[in-house]
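# Fold and contact review
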Amino acid sequence: MQLTVIGSGYVGTTIAACFAAFGHEVTAIDIDEEIVEAINNGQAPISEPGLEDLLETHVGNRLEATTSYDAVPESDVTFLAIGTPSNDDGSIDLGALGAAAEATGAALADKDERHLVVIKSTVTPPSITDVLEPAIREGADNNDAIEVGMNPEFLREGSAVADFQNPDKLVVGTNSEWASQRLHDVFEPVLETETPVVDTDPQTASMIKYANNAFLASKISLVNDLGNICKEFGLDAYEVMDAIGLDNRISEQFLRSGVGWGGSCFPKDVNAIIAAAREEAYDPAVLKAAVEINDRQPERMLELLESHVDLEDARIAVLGLAFKPRTDDIRNSRAIPMIERLKERGTEIVAYDPVAIEPMQERFPNIEYASSAADALAGADGTVIVTGWDEFATLDEELDAMATPVVVDGRRIVDPRPRITYEGLTW
Ligand code: UGA
């Protein structure tokens, strides 16, 4: 099939490359000339295992990038994969996506055959009917050959290509048999692996995406809430969670308690669905609590640290800046509130991450950054472990080099040992 993918960010680039690998002819469209040039040179604009290999194989062959919408009417299906950042009140900003939707409509104004426009971006159910569909239709001068669908994406950063190619489920949100069949055709290689398909309408498809992320984020917050109680009782939350994970209804995944969830999706999506619910005059109590518990975890780490060290007078090593290991993404990383709160206390901060120092330097230019965990720890009065990088598990003599060896671990990555004062956040 001929596909156009509007937006070459995290999701857009991954799906464009994977669609080409499925055997489709793909045009990736982005307004940013540098991104377009990078893709056409076979370079991934984001770092993701396997992505660059796919680009190298398919660019110039079945995949090309451009800033022009000319390929849209020639294609069979257009995917909109434009970011939906948060407004101050937590609701999603549909500005860029709305503009792309209108431009897509305009490109299709004179097309006679039916054309399917699929929203890949995470958007709330009302925004499909109230904002995006009208924007496409207005752009297209009400060309009724256009159909709008929704196909939410469940890939994770760090395993985007593998997640896209082997999903747990495929959610196909359309308003007609024809549109549904088109999307089935696009995903034929995935369907051959007997991936479950949920065929539904576009709004339900978009709610499935929010429910999925809200459930996972709330699961972690519940585990953190229970974990905090375990800590108060002097118990190990991991022993408790390992046991409850044996109940198939709970499952063993996403039971790691600690400093909480970050990244570009969970915080944005949970806040967006809360804001969208409030628009309907519904107050989602559990989701609000999930956010509150998540906001609380960095402070709890500092309270544990404070029980051993006077933070006003201390030099503290913050180990791990990325929102999770194996990425340099710091968006909504728990390291951000951690550094902010240490700064408020007047603490001297030295931060380290194997790959995420540069983006954090833009956010906090005035704190010290070390080039290794060993350098960060040398002479420090304590450390907080914020990201579960494997290399922190092998720290040993480096911990002894602290002036006062106090470790507060937010990811259960450092093994407690004699000679150091060790506090697990929930164990
Ligand atoms: C998440 C979802 O897992 C994907 O399914 C979804 O497609 C994506 O959001 C999105 O909406 O685009 P991602 O943000 O890449 O993916 O990260 P996760 O691996 O899910 O981790 C999210 C956060 O939860 C991280 O900060 C991680 O440290 C934390 N986490 C995860 C825990 O604290 N405990 C756990 O047990 C698991």
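Refer to the preceding data block for the structure.
Cut-off values and rules
Residues numbered from 1 in each chain as written. Predicted model: local features only at pLDDT ≥ 70, side-chain atom pairs only at ≥ 80, totals over all residues. Heavy atoms only, no water. Core = buried A, V, L, I, M, F, W, Y, C linked by side-chain atoms within 4.5 Å. Buried < 20%, exposed > 50% of the residue type's maximum accessible area, 1.4 Å probe, protein only. Helix = DSSP H or I, 4+ residues; strand = E, 2+ residues; numbered from the N terminus. Axes fitted to C-alpha atoms, helices over the stretch in contact; angles between N-to-C directions. Parallel < 35°, antiparallel > 145°, perpendicular 65-115°, else oblique. Left-handed = near helix turned anticlockwise from the far one by under 90°. Contact = heavy atoms within 4.5 Å. Nonpolar A, V, L, I, M, F, W, Y, C, P; charged D, E, K, R; others polar. Pairing = 2+ DSSP bridges.

It is worth spelling out the nonpolar core at this point. Counting residues in each nonpolar core, the largest one holds 53 residues, and the members touching the most others are L305, V318, L319, L321, M360, V384 and F392. Secondary structure elements with two or more residues in this core: α13 (285-306), β9 (315-319), α14 (335-344), β10 (348-352), α15 (357-363), α16 (373-377), β12 (382-385) and β13 (406-409). The leading source of residues in this core is α14, at 5 residues. Counting 38 residues, the second largest nonpolar core, distinct from the first, contains A100, Y210, V270 and L287.

Moving on: the packing of helix α10 (residues 202-233) against helix α12 (residues 266-279). Two quantities define a packed helix pair, namely the angle between the axes and the distance from one axis to the other. Following both chains from N to C, one finds α10 and α12 inclined at 115 degrees, their axes separated by 9 Å at the closest point. Considered as vectors, α10 and α12 are oriented roughly perpendicular to each other. Relative to α12, α10 is oriented so that their crossing is left-handed. Counted together, M207, K209, Y210, N213, A214, L216, A217 and I220 of α10 and F266, D269, V270, A272 and I273 of α12 form the full contact between these two elements. Residues of the contact of α10 with α12, tallied by class, amount to 10 nonpolar, 1 polar and 2 charged.

With that out of the way, let us pick up the pairing of β13. Side chains of β13 alternate between two faces, with V406 and V408 and V407 and D409 buried alike. Bridge count for β12 against β13 is 3 bridges, and the pairing is parallel. Each residue of the ladder has a partner; that of T383, found in β13, is V407. In the sheet, β13 pairs with strand β14 (residues 421-424) via 4 bridges, with the strands oriented parallel. Bridging across to β14, V407 finds its partner in Y422.

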